[in-house]
Amino acid sequence: MIKTFEEAYHLVLREKVVTVFGSKGSQYASLWDHTALSEDKPKDGGWSPKVTAVWDWKTRIPQTYPDDVFYGKIPGGDAVLMEMEYFRTEHFPSAFQDVSGLDPLVQEVYEIVRIEPMYTGQLRKRTMQSSGCTKSQFDTALKKLQISLNVVRSNDPKHKNDFWLPMREVHFDLVQENE
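Residues numbered from 1 in each chain as written. Predicted model: local features only at pLDDT ≥ 70, side-chain atom pairs only at ≥ 80, totals over all residues. Heavy atoms only, no water.

1. Quick word on the environment of Glu116
Test applied: Going along the chain from the N terminus, every DSSP run of H or I of four or more residues is numbered as a helix, and every run of E of two or more is numbered as a strand. Each residue gets one of three labels from its accessible area relative to the maximum for its type: buried under 20%, exposed over 50%, partly exposed in between, using a 1.4 Å probe on protein chains only.
Tracing the sequence through the fold places Glu116 in the loop between helix 5 (104-115) and strand 5 (118-119). Assessed through its relative accessible area of 36%, Glu116 is described here as partly exposed. Along the chain, Glu116 and Pro42 lie 74 residues apart, while their C-alpha atoms are 40 Å from each other.

Here you go:
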């Protein structure tokens, strides 16, 4: 069981793939299940120490160790932290799908990000205005882009919210090898 940021980082390196909050039937270890912090909410309100830590670690680990850990989504939609060598040699080659083979809305969201990387809220608003899609349809399209490895969340700590970039800007070599 883990209690610190460094222990969480080493869990990802050891396990290769760790879901953030876990899900029933997942074959992967979860950060949530391996964290030994209180789930009790503070009397003044807010998140429990466990929720606070896991939420922080899922963002800060790939920001602190971008050459060692990848953050993304896997088929089924679970958010994961993945050891980078495993990501490069195993996961990316098997999971990458060229955007041209995906749904039209997914392609539209990708094209918006390709032209101008942006935060989720801006991206949602622009997509809903241009396509007439619902919030749910947008969320599904963004999830598909993450699972198919066409967009990736920025690891730059200056971004306090999810800021989306085309995968080819971050991992050009991988995209080029797998196209």
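2. Details of the environment of Arg14
Following the sequence through the fold, Arg14 ends up in helix 1 (residues 5-15). Measuring from C-alpha to C-alpha, the distance between Arg14 and Ile74 comes to 18 Å, with 60 residues separating the pair along the chain.

3. Overview of the pairing of strand 4 (residues 79-83)
What counts, and what does not: DSSP-based pairing: two strands are paired if at least 2 bridges between them are found.
Burial within strand 4 is extensive, with 5 of its 5 residues counted as buried. Judged by which residues are buried, strand 4 turns out to be covered on both faces: Ala79, Leu81 and Glu83 on one side and Val80 and Met82 on the other are all buried. Across 3 bridges, the pairing between strand 1 (residues 17-19) and strand 4 is antiparallel. Paired with Thr19 across the strands is Val80, a residue of strand 4. Sheet analysis places strand 3 (residues 69-73) next to strand 4, joined by 5 bridges and oriented antiparallel. Pairing of Gly72 across the sheet is with Val80, part of strand 4. Hairpin remark: strand 3 followed by strand 4, antiparallel, with 5 residues in the connecting loop; positive phi at Gly76, about 100 degrees.

This is a description of form; function is not addressed.
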